[in-house]
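Here are the chains, one letter per residue:
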Amino acid sequence: MEKKLYTIIVYTENIAGMLNQVTAEFTRRMMNIDTITASSSSIEGVHRYTISLWGEEDSIQKVTKRIEKKVDVLKADYYLDNEIFFQEVALYKLSTPRIMENNQISRIIRHTEARIIEVNANYTVVEKTGATDTIVELYNEFVAQQCMLQFVKSGRVAVPRHSHENLSELLFDKDCKRKSVK
Amino acid sequence: MGKEIISGGEALMRSLIKEGVDTVFGYPGGSIMPVFDAMYDHRKDFRQVLVRHEQGAVHAAQGYARSSGRVGVSIVTSGPGATNTLTGISDAMLDSTPVVVIAGQVGCAVLGTDAFQEIDFVGITQPITKWSYQIRRPEDVAWAVARAFYIASTGRPGPVVLDFTKNAQTAMTEYEDVFVDSVRSYVPYPTPDAMAIEEAAKLINKSERPFVLVGQGVELGEAHEELKVFIEKADIPAARTLLGLSALPTEHPLCVGMLGMHGNYGPNHNTNECDLLIAVGMRFSDRVTGNVATYAKQAKIIHIDIDHAEINKNVTVDVPIVGDCKEVLPLLTELVERGNHKEWIDSFAKYNAIEDEKVTKKALNPDCGPLLMGEVARKVSEATGNRAILVTDVGQNQLMSSRYFKYSEPHSILTSGGLGTMGYGLPAAIGAKIAMPQRTVCLFTGDGGFQMNIQELGTIMEQGVGVKMILLNNNYLGNVRQWQELFFDHRYSWTPMLNPDYAMIAQGYGIPSRLVIEREELDAAITEMLATDGPYLLHVAVKEEDNVMPMTPPGATVSEMIFE
Ligand SMILES: Cc1ncc(C[n+]2csc(CCOP(=O)(O)OP(=O)(O)O)c2C)c(N)n1
Ligand SMILES: [Mg+2]
């Protein structure tokens with residue numbers, strides 16, 4: 001089977017130790033996570049992890065099921081890039097003196113729709129949101145212009161393209177069931 | 001009237017009693033002392049069993065749980081007490097056994113400071129439990145215990161850990177019973193898909209050679225009757241996994257034996273002959289499938305399991321039915337037609353007859369030479385009217401006793417399947433006998449495994465637990481020796497073993513024992529053992545270099561068993 005880049009979206013209860021439980025499923029298979037983003041979701045008390053990694057569908061499917069099986073995990077699904085919208089954000093800390101010397105750099109910033117969020121005498125901070133390849137492309141250009149001081153990039157965040165809202169439907173379903181039991 | 005104000009330790013007592021706990025297996029220590037102090041006032045409310053090692057506490061809780069279907073409980077101290085439970089917890093995880101392990105923990109104020117006997121127990125146990133939780137405030141005790149029992153016992157059962165900080169044990173709280181009957185992120189009993197059941201029924205109705213695989217799920221789901229009704233209506237032969245052996249009585253006319261590496265030839269051979277496999281509450285473990293690449297490729301597969309993550313894990317199936325077999329089987333029975341598969345069913349006997357000729361007859365009726373494990377197991381089984389609970393350790397003793405025992409009642413085999421834990425047997429037998437005092441509990445163990453938790457003879461002595469222990473002594477780590485003989489050119493590295501005088505050991509614990517070497521003595525010794533009130537050690541000197549046969553060699557196709 002062919003290795004592809006997958007994005008796994010996990011909804012969990014917001015409790016201590018959850019991330020450990022989720023990542024342990026990758027550790028035991030020595031699957032290397034590429035990026036991971038954890039933060040709150042649209043539902044109060046529910047956290048959302050976006051995990052991206054390379055793998056074969058078979059193992060991605062198995063690990064996703066095992067994650068969903070955890071008692072405090074509400075939902076876990078995996079997607080290919082064509083099934084989601086996704087973005088990453090990058091910060092580039094550049095040398096202000098180098099930018100002053102070389103007007104090519106400002107041109108690059110304007111062309112790539114990056115945003116300047118800080119300028120002082122020593123450094124300039126540029127922010128860019130986009131897919132990994134455009135972020136890396138910009139990085140390479142700054143490196144070529146010899147102005148790069150620091151670079152950092154986030155993991156991806158993603159929303160599926162389909163229009164059913166898995167989790168809210170699931171919680172609603174369960175609520176109904178619980179009520180019908182009573 | 002206001003709510004009562006009690007300590008966290010006392011809240012634990014109330015919560016356990018509310019869950020109906022009648023026995024706790026445990027071992028005290030510094031950071032769990034307030035709990036043991038609270039237990040002092042509850043000596044009449046539940047049985048308090050001091051084991052001799054915390055590993056024994058968990059295996060005993062497992063034996064209690066698997067023989068009775070109730071949740072087993074152990075309470076231990078932090079640090080080494082807690083780490084000593086890890087093997088038992090892992091075993092319970094792999095074999096889906098409902099146990100709740102409560103461990104002491106240092107006070108919240110010093111967590112993370114390497115305080116005396118502090119270890120990250122939640123962190124260590126997360127991968128080997130269904131749920132692991134740290135109780136940090138006395139107010140949370142009632143809720144945490146209720147949730148622990150709910151999670152351990154529902155759906156696919158498993159172990160739960162409660163890491164009980166010392167400050168939460170001693171601080172005072174208002175107490176009120178808490179009942180947990182749902183967790184929003186947890187679906188213990190998925191609703192089976194009606195379409196899948198219909199599709200499965202269609203496959204069954206048009207199948208000419210259907211074959212049912214019975215796993216421990218049937219025991220855990222108490223679906224013994226539902227299984228019988230199903231296979232009888234559709235007239236389908238059924239074989240059991242090692243853990244499912246007592247899910248269907250040995251003598252049932254549709255029972256064609258045991259699956260697996262050391263199972264019977266008929267079912268293993270016909271796995272690759274059937275046109276439809278119907279797996280019920282089993283997980284296609286590698287010990288059952290042999291080489292998966294050549295496993296039942298000719299057949300369609302229906303997989304009934306309560307755990308969604310088991311579907312397509314090891315074997316890709318055609319019709320998955322995710323649900324409780326107790327609920328699914330009757331729905332399926334309704335839709336299947338009355339079957340008649342006589343010729344197909346008879347074909348199992350043909351292959352089982354080959355095994356009989358090549359293996360079983362020799363194993364059960366040798367006329368000379370040293371005693372064999374098989375004959376001992378069959379004789380003990382028959383002497384109990386095939387109604388005993390068989391508890392095994394791990395190794396040749398396990399494979400031989402489980403193979404030659406006969407099962408007529410549910411919950412009659414307790415063995416470490418998934419983890420294969422040597423040392424499981426003795427404490428598990430203690431737990432089983434305590435849970436089911438009216439039943440005869442027979443432990444079969446090897447000389448290696450017996451010594452792995454031999455200290456629990458002390459528990460037997462102190463509690464007067466009437467376990468019948470059959471020690472099959474071959475002076476070898478026999479199972480490993482067998483593999484060395486077959487696959488490592490007879491190089492017996494680290495497997496011959498010098499044994500102690502077991503009669504003296506038994507005597508030291510005040511346990512009657514008898515050594516049997518001669519075949520003529522065996523019957524009388526078994527009679528004596530079963531007639532003796534209380535525990536008994538039957539020490540049998542068996543053939544030293546004997547092999548468990550038949551066998552599907554590692555990596556081989558399931559149907560290609562070897563006989564010698
Ligand atoms: C804790 C543990 N350690 C090692 C093993 C590997 N092992 C499996 S069977 C076996 C030999 C068991 O010897 P004995 O208890 O004498 O039983 P026999 O096979 O001779 O009946 C060993 C070492 C194991 N299963 N569990
Ligand atoms: Mg041995």
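The next thing to look at is the overall build of chain A. Check the secondary structure of chain A and you find six helices and nine strands. Against the compact-globule benchmark of 16 Å for 182 residues, chain A has a radius of gyration of 20 Å, which places it well outside the compact range. Restricting to contacts in chain A with at least 6 residues of sequence separation, those with at least 24 account for 77%. In chain A, which carries 25 positive and 25 negative side-chain charges, the distance between the mean positions of the two groups comes to 4 Å.

With that settled, the discussion passes to the sheet that holds strand S1 (residues 4-13) of chain A. Residues and elements named next belong to chain A. Within the open sheet, the four strands sit side by side as S2-S3-S1-S4. Their pairing is antiparallel. Taken across any chain shown, the strands that pair with only one partner, and hence form the sheet edges, are strand S2 (35-40) and strand S4 (73-80). Taking each pair of neighbouring strands and ignoring which way they run, the sheet shows an average axis angle of 15 degrees. When S1 meets S4, the two strands line up antiparallel, connected through seven bridges. From the neighbouring strand, Val 10 faces S4, where its bridge partner is Ala 76. The strands touched by helix H1 (residues 18-27) within the sheet are S1, S2, strand S3 (46-55) and S4, with S3 carrying the most contacts at an inclination of about 20 degrees. Against the sheet, helix H2 (residues 57-69) engages S1, S3 and S4, with an angle of about 165 degrees to S4.

Residue and element names in this part refer to chain B. For the magnesium ion (ligand 2), the full set of protein donor atoms is Asp 447 (OD), Asn 474 (OD1) and Tyr 476 (O), at a range of 2.1 Å. Mapped onto the sequence, the residues coordinating the magnesium ion (ligand 2) show the spacing D-x26-N-x1-Y. For the pair Asn 474 and Tyr 476, one class covers both residues: buried.

For the rest of this paragraph, the subject is the interface of chain A and chain B. Taken together, the contacts link 20 residues of chain A with 20 residues of chain B. Together, the buried faces of chain A and chain B total about 1,700 Å²; carbon and sulfur atoms form 44% of this surface. Linking chain A with chain B are three salt bridges, by the criterion used here. Measuring nitrogen to oxygen at the nearest pair gives 2.7 Å for the salt bridge that ties Arg184(B) to Glu13(A). Summed over the shared surface of chain A and chain B, the result is nine residue pairs in polar contact (both at pLDDT 80 or more). Of all the secondary structure elements, the ones that give two or more residues to the side of chain A that touches chain B are H1, H2, S4 and helix H6 (166-181) of chain A.

Our focus in this paragraph is the packing of helix H4 (residues 103-111) of chain A against helix H5 (residues 132-144) of chain A. Residues and elements named next belong to chain A. In the contact formed by H4 and H5, the axes pass within 10 Å of each other and the chain directions differ by 175 degrees. As far as their axial angle goes, H5 and H4 are roughly antiparallel. Contact residues: H4 offers Ile 105, Ile 108 and Ile 109, while H5 offers Leu 138, Glu 141 and Phe 142. In terms of residue class, the contact of H4 with H5 is made up of five nonpolar, no polar and one charged.

Another aspect to go through is unusual backbone geometry. Look at the link from Met549(B) to Pro550(B): it is a cis peptide, with omega at -5 degrees. Inspection of the secondary structure puts Pro550(B) in the segment after strand S20 (536-541). Backbone geometry places Met30(A), a non-glycine residue, at a positive phi of 50 degrees. Examined against the element boundaries, Met30(A) turns out to sit in the loop between H1 and S2. One non-glycine residue with positive phi stands out, namely Ser96(B), at about 50 degrees. Position of Ser96(B) among the secondary structure elements: in the loop between helix H5 (86-94) and strand S5 (99-105).

Residue and element names in this part refer to chain B. The parallel open sheet is built from six strands, whose spatial order is S16-S15-S17-S18-S20-S19. Single-partner strands in this sheet number two, and they are strand S16 (413-414) and strand S19 (513-516). As defined by bridge partners, strand S15 (residues 389-392) adjoins S16 across two bridges and the pair is classed as parallel. Following the sheet pairing, Leu 390 is matched in S16 by Ile 413. The strands touched by helix H18 (residues 425-435) within the sheet are S15, S16, strand S17 (441-446) and strand S18 (468-473), with S17 carrying the most contacts at an inclination of about 175 degrees. Strands in contact with helix H23 (residues 519-531) are S18, S19 and S20; relative to S19, the strand with the most contacts, it is inclined by about 165 degrees.

Residues and elements named next belong to chain B. Where strand S2 (residues 23-26) meets strand S3 (residues 47-50), four bridges bridge the pair, whose relative direction is parallel. Paired with Phe 25 across the strands is Val 49, a residue of S3. Following the backbone out of S2, through helix H2 (residues 33-40) and into the adjacent parallel S3, one traces a crossover that is right-handed.

Per the domain assignment, the segments making up chain A are domain 1 (4-84) and domain 2 (86-153). On a C-alpha basis, the centroid separation for the pair domain 1 of chain A and domain 2 of chain A is 31 Å.

As a further point, take the side chain of Asp305(B). Residues and elements named next belong to chain B. With respect to the helices, strands and loops of the structure, Asp 305 is situated in strand S13 (residues 300-305). Put simply, Asp 305 is tucked away with no salt bridge, and the nearest opposite charge, on Arg 156, sits 5.1 Å away. Within the local environment of Asp 305, its side chain forms a polar contact with the backbone nitrogen of Asp 307, the two atoms lying 2.9 Å apart. Ignoring anything within four residues of it in the chain, the contact list for Asp 305 reads Gly 281, Met 282, Glu 310, Ile 311, Ile 321, Val 322 and Gly 323.

Reading the values: rules and limits
Residues numbered from 1 in each chain as written. Chains lettered and ligands numbered in written order. Predicted model: local features only at pLDDT ≥ 70, side-chain atom pairs only at ≥ 80, totals over all residues. Heavy atoms only, no water. Helix = DSSP H or I, 4+ residues; strand = E, 2+ residues; numbered from the N terminus. Rg over C-alpha atoms; globule rule 2.2 N^0.38 Å. Contact = heavy atoms within 4.5 Å. Lys, Arg positive; Asp, Glu negative; His and termini not counted. Charge placed at Lys NZ, Arg CZ, Asp CG, Glu CD. Pairing = 2+ DSSP bridges. Axes fitted to C-alpha atoms, helices over the stretch in contact; angles between N-to-C directions. Donors = N, O, S within 2.8 Å, 3.2 Å for Na, K, Ca; no water. Buried < 20%, exposed > 50% of the residue type's maximum accessible area, 1.4 Å probe, protein only. Buried area = accessible area lost by both parts, 1.4 Å probe. Salt bridge = Lys/Arg side-chain N within 4 Å of Asp/Glu carboxyl O. Polar contact = N/O pair within 3.5 Å; in protein donor to acceptor, adjacent residues only side chain to side chain. Parallel < 35°, antiparallel > 145°, perpendicular 65-115°, else oblique. Nonpolar A, V, L, I, M, F, W, Y, C, P; charged D, E, K, R; others polar. Right-handed = clockwise from strand over helix to strand, strands pointing away. Domains from an automatic or database assignment.

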